[in-house]
Structure formats: C-alpha cells, structure tokens
Amino acid sequence: MLTTLKTTYTDTRAADLAWALGREPLPALAVLDLELTGAKLQLRLLGASHQVLLEEDGGSCSETVACMPGSSTPLPLGVSKRVGEWEYEFAARVETLSHGSFAGRAQELLALVADHPNGLAGTFPGSPHAFTAMLAQRHEGQVRWRTWHAYPQEGQLVVTRTRIGARMPAVL
C-alpha cells in the first residue's frame, strides 16, 4: 500500500533517527494490520518514521525507529537481545547515493512495497523521494520486517532489518 502522508516532512537528517524497544503506540499517519500465521503485526508510519507492533502467543513487542525528542539511544548498527521468550535481532545501515542513483533506488523501493500485500509506504509532501517504507513476512517461524527511510536532501537511505521469533535450539 502506498499513501501520501498528510504532514510536513519532519525527519530532516538520517543521523537524527533513534531506536527503541517497548514504547507505547505513537500517533500514526498510516497503519497496515497484518495476520502472519498466528502473529498479529501492525506496521505504523509515523510523522517521525516507523513503529512495528507485534502480538503472538509468546507475548508482544514494539519497535520504534524515529526522531524521538529526548531520546538518548541513537540508531545502532545491530542489536541482539531476548524479548520475553523470543530472540530479537535488529540491524541498520546508511547508504549514501548520488542524486541520480537515489531517485532510481527510491522509485524501485516504492514500486516493490506499494504492490506487496505485506507492504506499507508513505511519501512526504514536497519530495517524491522523501518516504518511509516497510515490508513484513513470516519465514521459518520468525516474523521479519525491513524498512527504508529516505533522506533525499542528504542522498541517504537508512535501511533496517528485524527478525524476531522463538529461540533456535543450539546445533551440537
């Protein structure tokens, strides 16, 4: 699903993004509710990026990646931790692209997410390449999602990847 977000573009720099687990639901500009084989997942586009809410038999989890005033947790390159009975893994990277490459990559990502049944993307007024996009799936018993946060004025694309699910038994 692709939508134009009814707000001013407030995320102005990739470096302003912060990460948090366990935050309460924040006001959303667009929401996509999904059922992925027993897991209830809500993808939420915020005026300041994204939030994912997950509920399953094993519990619940909330991930927020946004410009959060007063947050002291910058966007980490990687996190691996236990959340209740689940293993949670998060990774982020920043891609810096030329103006032409950025426009092409933005169009490619928006097309991918817009037509996907488990995808949500929102463009911000003022620039067709200022967007946040999310794509979720269930794979091998784990819920996974990817996000893209575009900053065309900097030529930067913040890409995140999250995986959460039951602990995998150790292979001996």
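Throughout this description, residue numbers start from 1 for each chain and increase along the sequence as written. Per-residue local features are limited, in this predicted model, to residues with pLDDT of at least 70; the limit for side-chain atom pairs, both in listing and counting, is 80 or more; totals at the level of whole chains, interfaces and linings are taken over all residues. Excluding hydrogens and water, the side-chain values take into account all heavy atoms of the structure.

Caption draft 1: Layout of the sheet that holds strand β9 (residues 119–123). Spatially, the 7 strands line up as an open sheet ordered β1-β9-β10-β11-β12-β8-β7, and their pairing is mixed. The sheet is open, and its two borders are formed by β1 (2–4) and β7 (78–83), each paired with just one other strand. Neighbour-to-neighbour, the strand axes of this sheet turn through a mean angle of 15 degrees, independent of strand direction. In this sheet, β9 lies alongside β1 in parallel orientation, the contact comprising 3 bridges. Paired with Thr4 across the bridge in β9 is Thr123. If DSSP finds at least two bridges between two strands, the strands pair. Numbering of helices and strands runs from the N terminus; a helix is a DSSP stretch of H or I covering at least four residues, while a strand is a stretch of E covering at least two. Every angle, taken between N-to-C directions, lies between 0 and 180 degrees, and every axis is a line fitted to C-alpha atoms, over only the stretch in contact when it is a helix.

Caption draft 2: Broad picture of the packing of aromatic side chains. Pairing of aromatic rings covers Phe, Tyr and the six-membered ring of Trp, with a centre-to-centre limit of 6.5 Å; geometry is then stacked below 30 degrees between planes, edge-to-face above 60, and tilted otherwise. Tallied over the entire structure, the rule returns 2 aromatic pairs. Relative to Tyr88, the ring of Trp19 lies with its centre 6.3 Å away and its plane at 35 degrees, an arrangement referred to as tilted. Residue Trp19 is found in strand β2 (residues 18–21), and its partner Tyr88 is found in strand β8 (residues 86–96); the two are separated by 69 residues along the sequence. On the basis of relative accessibility, which here comes to 0%, the residue Tyr88 falls in the buried class. Aromatic side chains Trp19 and Phe90 sit 5.9 Å apart centroid to centroid with 35 degrees between the ring planes, which places their arrangement in the tilted category. Remark: Phe90 occurs in strand β8 and Trp19 occurs in strand β2; sequence separation between them is 71 residues. Accessibility classification places Trp19 together with Phe90 in one group, the buried group. The rings of Trp19, Tyr88 and Phe90 are connected pair by pair, giving a single aromatic cluster. Note on classification: 1.4 Å probe, protein chains only; a residue is buried when its accessible area is under 20% of the maximum for its type, exposed when over 50%, partly exposed between these limits.

Caption draft 3: How the structure looks around unusual backbone geometry. The phi angle at Thr37 is positive, at roughly 45 degrees, despite the residue not being glycine. Take Thr37: it is sitting in the loop between β3 (30–36) and β4 (39–46).

Caption draft 4: Highlighting the sheet that holds β2. Ordered by their spatial adjacency, 5 strands build an open sheet running β2-β6-β5-β4-β3, and the pairing between neighbours is antiparallel. Among the strands making up the open sheet, the edge pair consists of β2 and β3. Ignoring strand direction, the axes of neighbouring strands in this sheet form an average angle of 10 degrees. Pairing analysis gives 7 bridges linking β3 to β4, with the strands arranged antiparallel. Residue Leu34 lies in a different strand from β4, and its bridge partner there is Leu41.

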